[in-house]
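Chains, contacts and geometry: an overview
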Amino acid sequence: MIDPERYVAALRFAAERHHAQRVPGSEHPYLVHVVSVAAETIAALEPGFDADLAVGCALLHDTIEDTGTSHAELAERFGPAIADGVRALSKDSALARPDQMADSLRRILAQPREVWMVKLADRITNLAPPPRSWSIDKRLRYRDEAIEIASTLGAASVVLGARIHRRIAAYAVHLSTL
């Protein structure tokens, strides 16, 4: 069961941190993405899952990577499990771009499966029509990363595993023309 007070606290924190950001290629506030990832995660929760961990990580998943929020701040406000999950979900910008996803997936695999679910939900949400500025090569790389994510983390959730495969298949319409 989700604790509504923890949910609202994480949502407000995410809203404050992402306040000026927009979903790439749209005019939507970035919070739309964050809430979409949380919705995907919530829809896949089953008995035995730590709902607060899953939803907290979903709402906060981009705060370290995109807002300069520190792991320590997340740990103080939301606990070490959520902070560790969000850190694992964050790409390490010190690494070369081609190595960032593999590194992140290794770190996610060391986390509880609720964190795996957030990565699946994030990519499901991001497999929407890409920004018009993306080249075919960039779209192909993004799809290939989605396949890697599905292969590596799909066992975390039957629901999300099936959903990401459907979204990958549907993404094919964005790979042939610009």
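Refer to the preceding data block for the structure.
Here we summarise the structure given alongside this text. (Residues numbered from 1 in each chain as written. Predicted model: local features only at pLDDT ≥ 70, side-chain atom pairs only at ≥ 80, totals over all residues. Heavy atoms only, no water.)

**With respect to the packing of aromatic side chains**
Ring pairs (aromatic) are described by centroid distance and by the angle formed between their planes. Across all of its chains, the model carries 3 aromatic pairs by this definition. Plain terms: the ring middles of Tyr142 and Tyr171 are 6.4 Å apart, the flat faces sit at 45° to each other, and that makes the pair tilted. Linking Tyr142 in helix 9 (residues 136-153) with Tyr171 in the segment after helix 10 (158-170), this pair joins segments that are 29 residues apart in sequence. Across from the ring centre of Tyr142, 3.8 Å away, lies the NZ or CZ of Arg123, which sits over that ring. (Phe/Tyr/Trp six-rings, centres within 6.5 Å; stacked < 30°, edge-to-face > 60°. Helix = DSSP H or I, 4+ residues; strand = E, 2+ residues; numbered from the N terminus. Lys NZ or Arg CZ within 6 Å of the ring centre and 35° of its normal.)

**Quick word on the side chain of Glu40**
By the element assignment, Glu40 lies in helix 2 (residues 31-44). Overall, the relative accessible area of 13% leaves Glu40 in the buried class. Reaching out from Glu40, the side chain makes a polar contact with the side chain of Arg163 at a distance of 2.8 Å. If near-sequence neighbours (up to four positions away) are discounted, Glu40 is found in contact with Ala121, Ile124, Thr125, Leu160, Arg163 and Arg167. (Buried < 20%, exposed > 50% of the residue type's maximum accessible area, 1.4 Å probe, protein only. Polar contact = N/O pair within 3.5 Å; in protein donor to acceptor, adjacent residues only side chain to side chain. Contact = heavy atoms within 4.5 Å.)

**What about the nonpolar core?**
Judged by nonpolar contacts, the single largest core of 45 residues is most densely connected at Cys57, Leu60, Ile108 and Ile164. Sort the elements by how many residues they give to this core and helix 8 (residues 113-126) lands first, with 7 residues. Excluding anything up to four places from it in sequence, Ile164 contacts Leu120, Arg123, Ile124, Leu127, Ala146, Ile149 and Ala150. (Core = buried A, V, L, I, M, F, W, Y, C linked by side-chain atoms within 4.5 Å.)

**A look at the layout of surface pockets**
The space that makes up the largest pocket amounts to roughly 1,000 Å³. As for the largest pocket, its lining consists of 36 residues, and the residues nearest its centre are Lys91, Arg123, Asn126, Trp134 and Tyr142. Top element by residues in the lining of the largest pocket is helix 8. It accounts for 6 residues. Classifying every residue of the lining of the largest pocket gives 16 nonpolar, 8 polar and 12 charged. (1 Å grid on protein atoms, 1.4 Å probe; cavity = no way out; pocket = protein on both sides within 12 Å on 5 of 7 lines; lining within 4 Å. Points joined across faces, edges and corners; volume = space filled by probe spheres on them. Nonpolar A, V, L, I, M, F, W, Y, C, P; charged D, E, K, R; others polar.)

**Let's talk about the side chain of Thr69**
Considering the arrangement of structural elements, one finds Thr69 in the loop between helix 4 (63-67) and helix 5 (71-78). A polar atom in the side chain of Thr69 sits 2.8 Å from the side chain of Thr67. What Thr69 contacts, discounting residues up to four positions off in sequence, is Phe13, Arg17, Thr63, Ile64 and Leu74.

**Here's the deal with the environment of Ser104**
With respect to the helices and strands, the residue Ser104 is situated in helix 7 (residues 97-109). The spatial distance from the C-alpha of Ser104 to the C-alpha of Val86 is 11 Å, given a sequence separation of 18 residues. Apart from residues no more than four positions distant in its own chain, Ser104 is found in contact with Ala88, Leu89 and Ser90.

**Re empty space enclosed by the protein**
The tally for this structure, following the rule as stated, stands at 1 cavity of 30 Å³ or more. There is about 60 Å³ of room inside the largest cavity. What lines the largest cavity is Ile2, Asp3, Arg6, Tyr7, Ala10, Asp52, Val55, Gly56, Leu59, Phe78 and Ile82. Breaking the lining of the largest cavity down by element, the ones donating at least two residues are helix 1 (4-17) and helix 3 (51-60). The element best represented in the lining of the largest cavity is helix 3, accounting for 4 residues. Counted by class, the lining of the largest cavity contains 7 nonpolar, 1 polar and 3 charged residues.

**Details of the pattern of salt bridges**
Per the stated rule, a full pass over the model turns up 9 salt bridges. Salt-bridge contacts for Glu73 lead to Arg17; the nearest nitrogen and oxygen are separated by 2.5 Å. Taken as a pair, Glu73 in helix 5 and Arg17 in helix 1 lie far apart in primary sequence, 56 residues in all. When salt bridges that share partners are traced, they join Asp103, Arg106 and Arg107 into one network. (Salt bridge = Lys/Arg side-chain N within 4 Å of Asp/Glu carboxyl O.)

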